[in-house]
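# Structural overview
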Amino acid sequence: MPTDKSRNAMPQGSLDMLILQTLQMGPQHGYGIARHLHAASNAFFQVEEGSLYPALHRLEQRGLITAEWGPSEANRKAKFYTLTTAGKKSLKAQATAWQEMQQAIAGIMNFQPAGT
């Protein structure tokens, strides 16, 4: 199995969409989002704090998520993020675009020129 970190690199621009998808399940703090992405990807993705928290702030500034302080499972103060109506609309559009791109890439990868 390759140990190259680029193998597990998240495709550029997909972290925001995956955060929004995670928040569809309900409010979650940053560590919980990272844990979910790791678990849901069968440990393929390891989202570092240096990527996660800037993405959360960016999504909050764009009005796609809101944040509120509350107690975590360990009874520590944590910022919980919630998907907004605008976030749900953005997620739907991003998911559609992602599926279209995925189909286009699959078409290219599976293309067989005539006579081969």
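Here, the structure is the one placed above.
Description of the structure in this document. (Residues numbered from 1 in each chain as written. Predicted model: local features only at pLDDT ≥ 70, side-chain atom pairs only at ≥ 80, totals over all residues. Heavy atoms only, no water.)

## What to know about the overall build of the protein chain
Assigned secondary structure in the protein chain consists of 4 helices and 3 strands. Helices (α) and strands (β) of the protein chain occur, in sequence order from the N terminus, as α-β-α-α-β-β-α. Here the protein chain has a C-alpha radius of gyration of 17 Å; the compact-globule value for 116 residues is 13 Å, and the former is much larger. A principal-axis box enclosing the C-alpha atoms of the protein chain has dimensions of 65 × 35 × 20 Å. Within the protein chain, contacts between residues separated by at least 24 positions form 54% of all contacts whose residues are at least 6 apart in sequence. Put simply, the protein chain shows about 8,200 Å² of open surface, and 55% of that area lies on carbon and sulfur atoms. (Helix = DSSP H or I, 4+ residues; strand = E, 2+ residues; numbered from the N terminus. Rg over C-alpha atoms; globule rule 2.2 N^0.38 Å. Contact = heavy atoms within 4.5 Å. Areas by Shrake-Rupley, 256 points an atom, 1.4 Å probe, with all protein chains shown as cover.)

## Regarding the nonpolar core
Ile19, Leu20, Leu23, Ile33, Leu52, Leu56 and Ile65 are the most contacted members of the largest nonpolar core, which has 18 residues in total. Broken down by secondary-structure element, the contributors of at least two residues to this core are helix H1 (14–23), helix H2 (30–40), helix H3 (49–61) and strand E3 (77–83). The dominant element in this core, judged by the number of residues it contributes, is H1, at 5 residues. In contact with Leu52, other than residues within four places in its own chain, are Leu15, Ile19, Gly30, Ile33, Ala34 and Val47. (Core = buried A, V, L, I, M, F, W, Y, C linked by side-chain atoms within 4.5 Å. Buried < 20%, exposed > 50% of the residue type's maximum accessible area, 1.4 Å probe, protein only.)

## Considering H3
Over its 13 residues, H3 extends 18 Å from the first C-alpha to the last, a length consistent with the 18 Å expected when each residue adds 1.5 Å. Buried residues of H3: Leu52, Ala55, Leu56 and Leu59, and no others. Angularly, the buried residues of H3 cover 100° about the axis, an arc narrow enough to put them on a single face. Every exposed residue of H3 that faces more than 90 degrees away from the buried side is listed here: Glu49, Gly50 and Gln61. On the buried face of H3, the contacting elements are H1, H2, strand E2 (65–71) and E3. Taken from the residues just after H3, Gly63 is the one with a positive phi, measuring 80°. (Expected span 1.5 Å × (residues − 1). Arc of directions from axis to C-beta.)

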